[in-house]
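So you can see what is in the structure, the chains are spelled out below.
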2 protein chains.
Amino acid sequence: MAQHNEAPIRVGLLGAGTVGSQTARLLVEQRDELSQRIGRDIELVGVACLDPDEVDFPWIDRSLLTSDTMAVATNADIVVELIGGLEPARTFVLAAIESGASVVTANKALLAKYGPEIYQAAEAKGVDIYFEAAVGGAIPIVRPLRESLVGDKVTSMLGIVNGTTNYILDEMTTKGLDFDVALKDAQAKGYAEADPTGDIEGHDAANKAAIMATLGFHANVGIDDVTVEGITKVTADDIAAATAEHKVVKLLAVVENGETGVSARVYPALIDENHPLASVHGSFNAVFVKAEAADDLMFYGRGAGGAPTASAVVGDVVTVARHIAQGCTGPAITLYNDLPKAPIEASKAAFAVRFVIHDKPGVLAAIAEEFAKRGVSINGVNQDLKPTLHEPGYSGELQQLRLVTHLTDEVTLRETVEAVCQLDFVTGEPSILRVL
Amino acid sequence: MAQHNEAPIRVGLLGAGTVGSQTARLLVEQRDELSQRIGRDIELVGVACLDPDEVDFPWIDRSLLTSDTMAVATNADIVVELIGGLEPARTFVLAAIESGASVVTANKALLAKYGPEIYQAAEAKGVDIYFEAAVGGAIPIVRPLRESLVGDKVTSMLGIVNGTTNYILDEMTTKGLDFDVALKDAQAKGYAEADPTGDIEGHDAANKAAIMATLGFHANVGIDDVTVEGITKVTADDIAAATAEHKVVKLLAVVENGETGVSARVYPALIDENHPLASVHGSFNAVFVKAEAADDLMFYGRGAGGAPTASAVVGDVVTVARHIAQGCTGPAITLYNDLPKAPIEASKAAFAVRFVIHDKPGVLAAIAEEFAKRGVSINGVNQDLKPTLHEPGYSGELQQLRLVTHLTDEVTLRETVEAVCQLDFVTGEPSILRVL
């Protein structure tokens, strides 16, 4: 086998896009230094792409380019999967493992859906599966969870793990833009894709939440276990109301290992402007980790981008290459904790609710009554003019009523809001945001 | 050898203080889970301490306690050194390595002084030397530098790596305390030691700076290469002046790999209140890393404390134990970059200088002249009443003149300040702080 002679360690690259091309650049331009750190020569032996004629980077020898992805996936010591998506990525990754190759991937969707299958295949075959770039781009968060904190007990993680939504919310906050305008602007600037669904609906963050929970709690948490709420319902009024209360709106991936079990959620939340996560701007990412012994940790950096992501990918390649050179492997992704999934009712949070109302006597009393009936106690109330909305056929003054609740479970809260919306003086769509 | 049979991996602990006792607790209480993650049983086989009769923790079997440190250091598969200081720690660590044991240590002073000797001894013997807890306590910073960023090129690091000084500066800022008062308060609260010299003079931060530079630049940077300035000269007036300009004073460890070579420095500096490092409060630590591909990264967490530090130590123990179980080792600490040490003249910075002066006509002109003569250009000037100081035998009004320079080299700056202090209307001690 390769690791018993001194032939170069052979790296096959699947995908030659933004990250793939930068990964190739680092592997080629820094080959000598990397080989020195590995203790053995490392060589890029193939780059699979859809159309070799379309790929043109000075550092990629054209003879390495091929559209035969399976050939590259099954003829290397290390296969770097940067295709993305579920299939055919899954097929190629499993084929690579079956051929005895170790795998480095940045594919969060693949791991959130088929992680256990892939982890077990790698362990059975005695090869490595590394994926630092799958969560938080360049931020070293996977390795610390996998190695640094193994002697500790992670209780919760809180992350801003999607740069697109963070950029959009930032623009809405600083420029007072509506969601649609901010989205178009982000697309124009290349921060959001033509089809932004995966980002703005929270699916990308949900994939990362599943991976964070799996690594942090050593339990099998998949994408289907994650409850997801995106930012499409966040309005300029929500942001304005947040700003008025010295808070910011962030899309958070929240994973917890509590008494009632494991939970993984993605939702937009109000956080205090003094919270460290509040100062994570633009396309930066950050992950907060709470562990029993280590207490609070935060990791911050570039969540996306060709070069930053490639830095994380190549870091994994070097680690895996060292293992091959030594004939060992890194820690397996262990799922030995068979933890129950916490029921949604068990999750208690404080909520900020905003209703648009016709201003007349008794309104607050009637609304408060609906909350009281269901045992949802109110922490604070705010009422002010609602200028940006006009209701056809209503000449009176429209006001917005903002309530912040004490800790309550989401199900009861939504029932309460439901009931309030039935009141005849309540109009428009209510807004519901968690308060951290 | 141990790794070829299934006997437990034997861990010897040198030191049973705050960190040692917590390390023992995690090793004993989580033995099953740790063994599961290691793939082999792990056992605490000895705890060396000065006086076994003085040590009493429910989780440490008394039969494991001994004052024969050398016996523990040379009869284990993994030796955890938590004695601290240079000697006898160095002797025990080298003896442990010589006996074929891998070493985990939190000893920053030892590594900053004898790192190369220890790294080379470990490499020659084919054993591991791990030290996550030596920089930033519980913060995973060593492992990311050692593994995650190996495919990248680290250009600079900026860290708040001493909790004691950060706590003192915080107290001075929030409560307007003088340094001496804040220090006494910190000692009373246990945040500063009876002899605080190592912290307040910046030596502890300097040790960490040397290790950061060694890991980040793969070059031999020792404690003697670090220029150090502590916080003892920082006054309440400096803090007040900083606050007036929306800045905070932080003690920073700064390592750079620039055109003129490698530099490692520790000094108090003014940073903008919006800089992420400005919100690192109390005894927390944070390290900023700038790398070519990854761009900006930040790591934040508990820089000290028994349990947090023990979390990092046990993380290392598990990693090393896995290597032993597999018969391999982690990446050696490579010092292959023979980088020149940047001359102090080469380091350019902006400086905030504060003079106490007798208020009379022509003062500013005369001072500005001294700066102009030496080509130090001034970016801004501020003059105001200096209430807290009274000069015996002078009835006139004392003012303080604050200048901020453009980028200039430190040597010229200090010569200029020297010259200004010769002017007859300048009195008291000048204050010089870098501006980030």
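What you see is a predicted model; the values in this text were computed from it and never measured. (Residues numbered from 1 in each chain as written. Chains lettered and ligands numbered in written order. Predicted model: local features only at pLDDT ≥ 70, side-chain atom pairs only at ≥ 80, totals over all residues. Heavy atoms only, no water.)

(A) Looking closely at the environment of Y336 of chain B. Mapped onto the elements of the fold, Y336 of chain B is located in the loop between α12 (306-326) and β13 (348-358). Through-space distance from the C-alpha of Y336 of chain B to that of N220 of chain B is 8.3 Å; in sequence the pair is 116 residues apart. In this structure Y336 of chain B touches E33, Q36 and R37 of chain A together with H218 of chain B, once residues within four positions along its chain are discounted. (Helix = DSSP H or I, 4+ residues; strand = E, 2+ residues; numbered from the N terminus. Contact = heavy atoms within 4.5 Å.)

(B) View of the side chain of N285 of chain B. Its location among the elements puts N285 of chain B in strand β11 (residues 284-291). Beyond its immediate stretch of four places on either side in the chain, N285 of chain B contacts G136, I139, I160, V161, N162, G163, V280, F299, Y300, G301 and G303 of chain B.

(C) Broad picture of the interface of chain A and chain B. Contacts between the two partners involve 48 residues from chain A and, on the opposite side, 48 residues from chain B. Where chain A packs against chain B, one counts six salt bridges. When the shortest N-O distance is used, the salt bridge between E147 of chain B and R143 of chain A registers 3.1 Å. Mapped by element, the contributors of at least two residues to the side of chain A that touches chain B are α2 (31-38), α6 (142-148), β11 (284-291), β12 (295-302) and α12 (306-326) of chain A. Element by element, the count of residues in the side of chain A that touches chain B is highest for α12 of chain A, at nine residues. The residue makeup of the side of chain A that touches chain B, split by class, is 24 nonpolar, 13 polar and 11 charged. (Salt bridge = Lys/Arg side-chain N within 4 Å of Asp/Glu carboxyl O. Nonpolar A, V, L, I, M, F, W, Y, C, P; charged D, E, K, R; others polar.)

(D) Up close: the sheet that holds strand β6 (residues 129-130) of chain B. Residues and elements named next belong to chain B. Strand order in the open sheet formed by six strands is β3-β2-β1-β4-β5-β6, with parallel pairing between adjacent strands. Unpaired on one side and paired on the other, β3 (65-66) and β6 mark the two borders of the sheet. The sheet contact formed by strand β5 (residues 102-105) and β6 spans two bridges and is parallel. By the bridge assignment, V103 is partnered in β6 with I129. (Pairing = 2+ DSSP bridges.)

(E) Quick look at the nonpolar core. Counting residues in hydrophobic clusters, the biggest one holds 157 residues, and the most contacted among them are F131, I168 and V289 of chain A together with F131, I141, I168 and V289 of chain B. Not counting residues within four places of it along the chain, the set of residues in contact with I168 of chain A comprises F179, A182, L183, A186, I200 and I231 of chain A. With 37 residues, the next largest nonpolar core counts V19, A24, V55 and A321 of chain A among its residues. (Core = buried A, V, L, I, M, F, W, Y, C linked by side-chain atoms within 4.5 Å. Buried < 20%, exposed > 50% of the residue type's maximum accessible area, 1.4 Å probe, protein only.)

(F) Fine view of the domain arrangement of chain A. Residues and elements named next belong to chain A. For chain A, the assigned domains read domain 1 (9-137 + 306-326), domain 2 (142-302) and domain 3 (344-435). Distance between the C-alpha centres of domain 1 and domain 2: 27 Å. Taken together, the contact pairs 19 residues of domain 1 with 19 residues of domain 2. On the surface where domain 1 and domain 2 come into contact, there are three salt bridges. For K113, the salt bridge identified is with D224, shortest N-O distance 3.7 Å. At the junction of domain 1 and domain 2, the tally comes to five residue pairs in polar contact (both at pLDDT 80 or more). No other element matches helix α5 (residues 108-125), which puts seven residues into the side of domain 1 that touches domain 2. By residue class, the composition of the side of domain 1 that touches domain 2 is 11 nonpolar, four polar and four charged. (Domains from an automatic or database assignment. Polar contact = N/O pair within 3.5 Å; in protein donor to acceptor, adjacent residues only side chain to side chain.)

(G) Quick peek at the relation of the copies chain A and chain B. In the superposition of chain A on chain B (RMSD 0.0 Å, axial shift 0.0 Å), the rotation amounts to 180°. As the rotation angle and translation indicate, the two copies are arranged about a two-fold axis. Identified as the residue of chain A closest to the rotation axis by C-alpha distance is F299 of chain A, at 2.5 Å. Looking at chain A, 100% of its interface residues are interface residues in chain B too, so the copies touch through the same face. (Least-squares fit on C-alpha atoms with pLDDT ≥ 70 in both.)

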